[in-house]
Amino acid sequence: LTSTGQTSGRTSSTHRVSLELSESDVPRIKLTTPIDNMVFSGVRRLCELSRVLTARSPVTSYGRRQSRLLGLTAITSTAVMSSQSLSSAAGHFSDNGTLTYGPEDATSLIVFLHGLGDTCHGWDDFVRYIQPRFPNTRFILPTAPHQPVTLNMGMKMPSWYDIVGGGDREKETCAGIEDSQKIVNDILDAEFAKGIAPSNTVVGGFSQGGALSLWTGLQRTDTEVPLAGVLCMSGYLPHPAGFALTATGKQTPVKILHGEADPMVPLSAARKTHATLADKGVANIDMKTYPGLAHSAHLEEIEDAATFLATVLKIQE
């Protein structure tokens, strides 16, 4: 598959991707040139079709996709599984870039937020993999606003807030994070109005999405009932100076999952986040790290995430 086009209106680039079939006929992806998330999302659709046509036996390993944005390498996760491993339930994709899975009469809710440069489609495999364990849960995956990111020389991409540098994240002011906080809170309020209780609701995310989940889930002020939980994968606490933990936030269980070899969001940022939240009064906070794992997700982490979700939502597995 070859795609040629303009990148940010500045330079022309060609991306070549070859699909290989292993002995079990599961498509693998080999990147022959740097490729960005937007190009990759189209490739993922191709792989999904290939899995449906060629899958023979379940595969429970997780591949990784690598993107290079102006010399900065970001690795996010994409599930490499046969179609038999995935839920057959179809998701609904709305005009505002939101994917929704689960029944209309759901009794619990999980809102999951993707990372920088990704879209809601980046984590639909994750949802479909764990969804059979949550038959009465609605999953909502919104897509971040398309806006310039200073870190990537002003290139426009899906981003929950601006990131200026790759250094000390505590000094970032995260311009635009309040707007994204409102997007998530509006989703929560709409679902609460339908009858889902905050105590049956989890907000989670990966990388920048994990950061926004902490920022939003632990600062809600319009309810006396805490959320069921907040899940932060490969993320961190954004703009600590502007963060105000609420009374319900202190009662909300928090799970932090992080790779020990993460070059994008260092393990030190996750540890500092854990310490800061504990010092501020979060009563139930747990952190697990994974040796050798970079800015990505693998099966063990996915299973740990699913276990946390089932525990706080009181779902029998």
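Computed from a prediction, not measured in an experiment: that's the story for all the values here.

Peer 1: Could you give me a rundown of the packing of aromatic side chains, with the residues and numbers involved?
Peer 2: Throughout the structure, instances matching the rule amount to 6 aromatic pairs. Both rings, one in Phe112 and one in Trp123, keep their centres 5.1 Å apart while their planes meet at 45°; by these two values the pair is tilted. Of this pair, Phe112 sits in strand E8 (residues 108-113) while Trp123 sits in the loop between E8 and helix H2 (124-130), and the two are 11 residues apart along the sequence. Accessibility classification places Phe112 together with Trp123 in one group, the buried group. Taking 5.1 Å as the distance between ring centres and 40° as the angle between the ring planes, the aromatic pair formed by Trp123 and Phe206 counts as tilted. Taken together, the residues span a long stretch of sequence, with Trp123 in the loop between E8 and H2 and Phe206 in strand E12 (residues 201-206) at a distance of 83 residues. One exposure class covers both Trp123 and Phe206, and it is buried. Taken together, the ring pairs connect Phe112, Trp123, Phe126 and Phe206 into an aromatic cluster.

Peer 1: Please provide a residue-by-residue account of the environment of Pro226, values included.
Peer 2: Along the chain, Pro226 falls in the loop between helix H4 (208-217) and strand E13 (229-233). Judged by its relative accessible area of 19%, Pro226 falls in the buried class. Between the C-alpha atoms of Pro226 and Lys250, which are 24 residues apart in sequence, the distance is 8.3 Å. With residues up to four places along the chain from it excluded, the contact list for Pro226 reads Pro198, Ser199, Thr248, Gln251 and Thr252.

Peer 1: Can you break down the pattern of salt bridges residue by residue, with the values?
Peer 2: Under the defined criterion, the tally for this structure stands at 9 salt bridges. Its salt-bridge partner being Lys194, residue Glu191 comes within 3.3 Å of it at the nearest N-O pair. Given a relative accessible area of 5%, Glu191 falls into the buried group. Accessibility expressed as a relative area gives 58% for Lys194, which makes it exposed. Here the residues in one salt-bridge network are Arg138, Glu191 and Lys194, joined through shared partners.

Peer 1: Tell me what's going on with the nonpolar core, and back it up with residues and numbers.
Peer 2: Grouped together as the largest cluster of nonpolar side chains are 40 residues, with contacts concentrated most on Tyr161, Leu214, Leu218, Val254 and Leu277. Breaking this core down by element, the ones donating at least two residues are E8, strand E11 (155-158), helix H3 (177-193), H4, E13, strand E14 (254-259) and helix H6 (267-280). With sequence-adjacent residues up to four places away left out, Leu214 is seen in contact with Val230, Cys232, Tyr236, Leu237, Phe243, Val254, Thr273 and Leu277. The next biggest cluster of nonpolar side chains, apart from the first, holds 30 residues, and it includes Val127, Tyr129, Val202 and Leu231.

Peer 1: Would you mind going over the sheet that holds strand E6 (residues 92-93) in detail, with residue names and values included?
Peer 2: Strand order across the open sheet formed by 8 strands is E6-E7-E9-E8-E12-E13-E14-E15, with mixed pairing between neighbours. Of all strands in the sheet, those with a lone pairing partner are E6 and strand E15 (285-290), marking the two edges. In the sheet, E6 pairs with strand E7 (residues 99-101) via 2 bridges, with the strands oriented antiparallel. Each residue of the ladder has a partner; that of Phe93, found in E7, is Leu99. Each of E14 and E15 is contacted by H6, which is oriented at about 170° to E15, the strand it contacts most.

Peer 1: Mind laying out the side chain of Asp304, listing which residues take part and the relevant values?
Peer 2: Topologically, Asp304 is positioned in helix H7 (residues 299-312). Look at Asp304 and you get buried, because its relative accessible area is 18%. A distance of 2.8 Å separates the side chain of Asp304 from the side chain of Lys288, its partner in a polar contact. Contacts of Asp304, omitting those with residues within four sequence positions, involve Leu257, Lys288 and Tyr290.

Peer 1: So what's going on with the packing of H3 against H4? Residues and values would help.
Peer 2: The geometry of H3 relative to H4 is characterised by a closest axis approach of 10 Å and an angle of 75° between their N-to-C directions. Regarding the angle of H3 to H4, the classification is roughly perpendicular. Mapping the contact onto sequence places Ile177, Glu178, Ser180, Gln181, Val184 and Asn185 in H3 and Leu212, Trp215 and Thr216 in H4.

Peer 1: Mind laying out the pairing of E12, listing which residues take part and the relevant values?
Peer 2: Burial analysis of E12 places 6 of its 6 residues in the buried class, which makes it a mostly covered element. Side chains Thr201, Val203 and Gly205 project from E12 onto one buried face, and the interleaved Val202, Gly204 and Phe206 project onto a second face that is buried too. Across 5 bridges, E8 lies against E12 in parallel orientation. Its bridge partner lying in E12, Leu113 is registered against Gly205. Handedness of the crossover joining E12 and E13 through H4: right-handed.

Peer 1: Can you break down the side chain of Thr246 residue by residue, with the values?
Peer 2: Its location among the elements puts Thr246 in the loop between E13 and helix H5 (247-250). At 3.2 Å, the side chain of Thr246 forms a polar contact with the side chain of Thr248. A distance of 3.0 Å separates a polar side-chain atom of Thr246 from the backbone nitrogen of Gly249. With near-sequence residues (within four places) excluded, Thr246 lies in contact with Leu218, Gln219, Arg220 and Thr221.

What counts as what
- Residues numbered from 1 in each chain as written.
- Predicted model: local features only at pLDDT ≥ 70, side-chain atom pairs only at ≥ 80, totals over all residues.
- Heavy atoms only, no water.
- Phe/Tyr/Trp six-rings, centres within 6.5 Å; stacked < 30°, edge-to-face > 60°.
- Helix = DSSP H or I, 4+ residues; strand = E, 2+ residues; numbered from the N terminus.
- Buried < 20%, exposed > 50% of the residue type's maximum accessible area, 1.4 Å probe, protein only.
- Contact = heavy atoms within 4.5 Å.
- Salt bridge = Lys/Arg side-chain N within 4 Å of Asp/Glu carboxyl O.
- Core = buried A, V, L, I, M, F, W, Y, C linked by side-chain atoms within 4.5 Å.
- Pairing = 2+ DSSP bridges.
- Axes fitted to C-alpha atoms, helices over the stretch in contact; angles between N-to-C directions.
- Polar contact = N/O pair within 3.5 Å; in protein donor to acceptor, adjacent residues only side chain to side chain.
- Parallel < 35°, antiparallel > 145°, perpendicular 65-115°, else oblique.
- Right-handed = clockwise from strand over helix to strand, strands pointing away.

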